[in-house]
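What the coordinates show
Now for the letters of each chain:
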Amino acid sequence: MGRTRNYNGTRVTEVKKEKMMARTGADVVVEALLKEGVEVAFGYPGGAILDVFDRLYKAQDKFRFILVRHEQGAAHMADGYARATGKPGVCVVTSGPGATNTVTGIATAYMDSIPMVIISGQVPSYYIGNDAFQEADVTGITRPITKHNYLVKNVKDLPRVMKEAFYIARTGRPGPVLVDIAKDVQKAVCEEPYPETVDLPSYQPKYEGHINQIKKMAEAIKKSKRPVAYVGGGVILSNASEELYTFIKKTRIPVTMTLMGLGAYPSTEPESLHMLGMHGTRYANYAVQESDLLLAIGARFDDRVTGKLDGFAPHATIVHVDIDPTSIAKNVKVHIPVVGDVKDVLTKLNKIVEAPEIEEWRARIAEWKERYPLTYELRDDEIIAQEVIVAIGKLTHGEAIITTDVGQHQMWAAQFLPFTRPRRWITSGGLGTMGFGLPSAIGAQVGFPDQLVINISGDGGIQMVAQELATARINRLPVICVILNNAYLGMVRQWQELFYDKQYAMTCLERTVECALWCGGPGSECPGYIPDFVKLAEAHDCYGQRIRKREEIEPALKGAFERARKERRPCVLEFMVAREENVYPMVPAGARLDQMIDRLI
Amino acid sequence: MKHTISVLVRNQFGVLARVAGLFSGRGYNIDSLSVAETQDPQFSRMTIVSHGDEAVLEQIVKQLNKLIDVVKVTDYHDHDKDCVMRELALIKVHTTPQTRGEIMQIVNIFRAKVVDISPKTMMIEVTGPEAKLEALIEMLRPFGIKEMVQSGRVALSRK
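A brief structural summary. (Residues numbered from 1 in each chain as written. Chains lettered and ligands numbered in written order. Predicted model: local features only at pLDDT ≥ 70, side-chain atom pairs only at ≥ 80, totals over all residues. Heavy atoms only, no water.)

1. Quick word on the overall build of chain B
Put simply, the rule is: Numbering of helices and strands runs from the N terminus; a helix is a DSSP stretch of H or I covering at least four residues, while a strand is a stretch of E covering at least two. Contacts are assigned to residue pairs with any non-hydrogen atoms lying within 4.5 Å of each other. Method for areas: the Shrake-Rupley scheme with a 1.4 Å probe, in which residue coverage is limited to the protein chains shown.
Broken down by element type, chain B carries four helices and nine strands. Put simply, chain B runs from its N terminus to its C terminus through helices and strands in the order β-α-β-β-α-β-β-α-β-β-α-β-β. Across its three principal axes, chain B shows a C-alpha extent of roughly 55 × 35 × 30 Å. In chain B, of all internal contacts separated by at least 6 residues, the share reaching a separation of at least 24 is 72%. Of the roughly 8600 Å² of accessible surface on chain B, a fraction of 55% belongs to carbon and sulfur atoms.

This is the structure we're talking about:
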């Protein structure tokens, strides 16, 4: 006998059949989520995952479920949640289209080594291979974009597989793991207990850096005259920012960060050279090119970082610290490899390292910093994206969680925001996924309900995922969605301007069928932007505002921060920014890091 | 440079696809691949022949090791004395009453076997290192090879 409430609030007395229900595969999934400490899952139901959802529904008092509007959103939300909190993000989706919709999100997480567990339903095991309704070979499709994946066709395997999935996702170099569960397995009775430990002799991530290699590293540091530390997302994944801070303060070695590494070391400190690479600072790139010792820590020598490979850091002895042996010597020749967890390696290194004598080098870098700051030029008649980003930085001091899409706004955000701590900067680095910003902001907001979360998007990216405004509003996740609207796919347009004779092929988002076939560029003839983002916001019961003037920028941001906190609903701020504006400096594709181009002055 | 890579894997669903997908996805070459269960049915051994420069081969070994289902990877150079490498070929060669005797002699020299015979053809089975197979094939070519099939290489360490 139990007393409960009806949906309309009236009390009803309900006779509950207290019959012992057998534990099924679907129960095992829920049990796994609870035992692995999962607090929230993102997803979307469907035929082949009905049983799991049935059990999730019953367990709603134990953890939160966020119903999204598109499965790609679920994957990015789980990803954003994982990046912000450090805990694995979880998605639950159905077979076929449900699972394939998560593919972009899984690939995004894979490229940036984000721990995620994706649970997908699969058609009953006896239908697999028969082109059944909503069947897709999901383990086949996701094999190259997951750290590991499983197809569960026997319920006996399910507890072990769930345990392994979480273990593999969060250990070593983290990554997404997908578990595809046939529908009959979800229904089948399971007697196997949920294991306490995993037994995976073929998977033994190496955390401890070899002391001899660390000693070699310390010796190289001591001898160096022009050292630079180049740190990446591995420092953040390893939660090693404190150890990095100690190391840098002890040795006073200048430190530059990759896009993924921003926040690993405070950009406000004098040793910070900010970001390096294609749109990095001149001083960071010059420092790398002139260095005699490059300490790559939790970074992977991506082509956006190195520029032309055989001209990269030509004078440097290269030390590479990484937990993944495949990262080492993949793109560049490494002189001192150190395989291990960044945190462990830095902890050991800090005990033995001695500061090198680099006053001359530091002075040279200070001079570069003085001479080549990041700049932008304000315009009289319109606002530019950079000043909006600077205003966000000024009002938040690096305390807000900032997410982005991909393109110009992402690079400007990376260049002009202050980064003071890890896990506050959430961006798709490796895959470069448009549409990542809004759902990852929602995921981060789920992890930190009281934190200010700002998504910075372009007008292109936001339209790939705008439906998730509903998810944010319904779940009272008051993210701030900043849209920098230049009515272009700005970064692609920039490349067209610089390398394709200013032929803006299919990058104008204001263009309609009424426009001339070969238009002469933006002007008064332009038809007006579709959609109206303010109305779009209002249609989702979010606050919407359009900003055109410089003096409106800060009040609009402050107003939105306040409103989001009070009303607990998302705010969409559409900034109408200059249409043609470029990200500088820039290393053109195939050029060396020091061959940067800049705006014509 | 040719390498023979011996990969001990957990006998799991999809493991061959994982290994083959790794090679195709990362643009590595597979010259041959053979796979079967070991003495312990929990494990299979794959022997992969690949070529590429040293850096590529190093990456192949590391990437294989990174796969969750891979237990052990051993990389043998082409003339490694510490391991035995074998391939098998079935060769169907055109015969006439005049050439049959000569072909038999060649087969004997190579310690190969005649496994099937018909008025116009003879099928020869030969095992051995790659060079031996190549030499036999060259000797048989003038008689007219009608069809031929070769296995991938298998390799086992002497140690």
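That shown, we press on.
2. Some remarks on the overall build of chain A
Selection rule: We take the radius of gyration over the C-alpha atoms and set the globule estimate at 2.2 Å times the residue count to the 0.38 power. Exposed residues in this analysis have more than 50% of their type's maximum accessible area, buried residues have under 20%, and partly exposed residues fall in between, with area computed by a 1.4 Å probe over protein chains only.
When helices and strands are counted, chain A shows 23 helices and 20 strands. Its C-alpha atoms give chain A a radius of gyration of 25 Å, within 12% of the compact-globule value 25 Å for 601 residues. Each principal axis of the C-alpha atoms in chain A carries an extent, and together these give about 80 × 65 × 45 Å. Classification of the 601 residues of chain A by burial places 57% in the buried group. Accessible area for chain A stands at about 25200 Å²; split by element, carbon and sulfur atoms hold 52% of it.

3. A few points about the packing of aromatic side chains
Residue and element names in this part refer to chain A. Using the following cut-off: Only centres within 6.5 Å qualify two rings of Phe, Tyr or Trp (six-membered ring in Trp) as a pair; their planes then separate them into stacked at under 30 degrees, edge-to-face at over 60, and tilted for everything else. Here, over-ring charges are defined by two tests on the NZ atom of lysine or the CZ atom of arginine: distance to the ring centre within 6 Å, and angle to the ring normal within 35 degrees.
The tally for this structure, following the rule as stated, stands at 16 aromatic pairs over all chains. Clustering of aromatic rings is evident, with ring pairs tying together Tyr286, Trp361, Trp368 and Tyr372. Directly above the ring of tyrosine 488 sits arginine 579, whose terminal nitrogen or CZ lies 4.2 Å from the centroid.

4. Remarks on the sheet that holds strand β13 (residues 317-322) of chain A
Backbone hydrogen bonds hold the strands of a sheet together, and the pairing may be parallel or antiparallel. Residues and elements named next belong to chain A. For clarity, the cut-off: Strands were regarded as paired on the criterion that DSSP finds at least two bridges between them. For helices, the fitted line uses only the C-alpha atoms of the stretch in contact; every axis is such a line through C-alpha atoms, and the angle between N-to-C directions lies from 0 to 180 degrees.
Spatially, β11-β10-β9-β12-β13-β14 is the arrangement adopted by the six strands of the open sheet, whose pairing is parallel. Every interior strand has two partners, whereas the edge strands, β11 (272-275) and β14 (336-339), have only one. Sheet twist, expressed as the mean angle between neighbouring strand axes with direction ignored, is 15 degrees. The sheet contact formed by strand β9 (residues 227-231) and strand β10 (residues 255-257) spans three bridges and is parallel. Across the sheet, tyrosine 230 pairs through a bridge with threonine 256, a residue of β10.

5. Quick word on the interface of chain A and chain B
Condition: A simple way to read buried area is as the amount of 1.4 Å-probe accessible surface that goes missing from two parts once joined, with both sides added. Take a side-chain nitrogen of Lys or Arg and a carboxyl oxygen of Asp or Glu: if they are within 4 Å of each other, that pair is a salt bridge.
Taken residue by residue, the interface counts 19 residues in chain A and 16 residues in chain B. Carbon and sulfur atoms make up 53% of the surface buried where chain A meets chain B, a total of about 1500 Å² over both sides. Looking at the side of chain A facing chain B, the largest losses of area belong to Arg143, Ser202 and Thr326 of chain A, adding up to 39% of the total buried there. Run the count over chain A and chain B and you get one salt bridge.

6. A word on helix α2 (residues 54-66) of chain B
Structural remark: α-helix, 3.6 residues per turn; residues separated by three or four positions point the same way. All names here are of chain B. Quick note on the threshold: An expected span of 1.5 Å times one less than the residue number is assigned to each helix.
Counted at 1.5 Å a residue, the expected span for α2 with its 13 residues is 18 Å, and the 18 Å between its end C-alpha atoms agrees. By the burial criterion, the buried members of α2 are Leu57, Gln59, Ile60, Val61, Lys62, Gln63 and Leu64. Against β1 (2-10), α1 (15-25), β3 (43-51) and β4 (70-77) lie the buried residues of α2.

7. A look at the pairing of β14 of chain A
Residue and element names in this part refer to chain A. Judged by which residues are buried, β14 turns out to be one-sided: Ile336 and Val338 face inward and are buried, whereas Pro337 and Val339, on the alternate face, are not. Note that β13 and β14 share four bridges and pair parallel. In the strand pairing of β14, aspartate 322 is matched with valine 339.

8. Brief notes about the pattern of salt bridges
Residues and elements named next belong to chain A. Counted under the stated rule, the structure contains 53 salt bridges over all chains. Across the pair glutamate 271 and lysine 249 runs a salt bridge whose closest N-O atoms are separated by 3.0 Å. Taken together, the residues span a long stretch of sequence, with glutamate 271 in the loop between β10 and β11 and lysine 249 in helix α11 (residues 241-251) at a distance of 22 residues. You can call glutamate 271 buried: its relative accessible area is 3%. With a relative accessible area of 30%, lysine 249 lands in the partly exposed category. Between glutamate 290 and arginine 364 there is a salt bridge, with its nearest N and O atoms 2.8 Å apart. Within this pair, whereas glutamate 290 is found in helix α12 (residues 282-290), its partner arginine 364 is found in helix α15 (residues 359-371), the two being separated by 74 residues in sequence. Relative accessible area serves as the criterion here: at 34%, arginine 364 is assigned to the partly exposed category. Residues joined by salt bridges that share partners form a network here, namely Arg473, Asp541, Arg563, Glu567 and Arg569.

9. Looking at the sheet that holds strand β16 (residues 425-426) of chain A
Residue and element names in this part refer to chain A. What the six strands build is an open sheet, ordered β16-β15-β17-β18-β20-β19; its pairing is parallel. On the outer flanks of this sheet lie β16 and β19 (543-547), each paired with one strand and no other. Examined bridge by bridge, strand β18 (residues 480-485) and strand β20 (residues 571-576) share six bridges and lie parallel to one another. The partner of asparagine 485 across the bridge, within β20, is methionine 576. Across the sheet, helix α16 (residues 385-396) touches β15 (401-404), β17 (453-458), β18 and β20, and the angle it forms with β18 is around 155 degrees.

Scope: geometric values only; no functional claims are made or implied.
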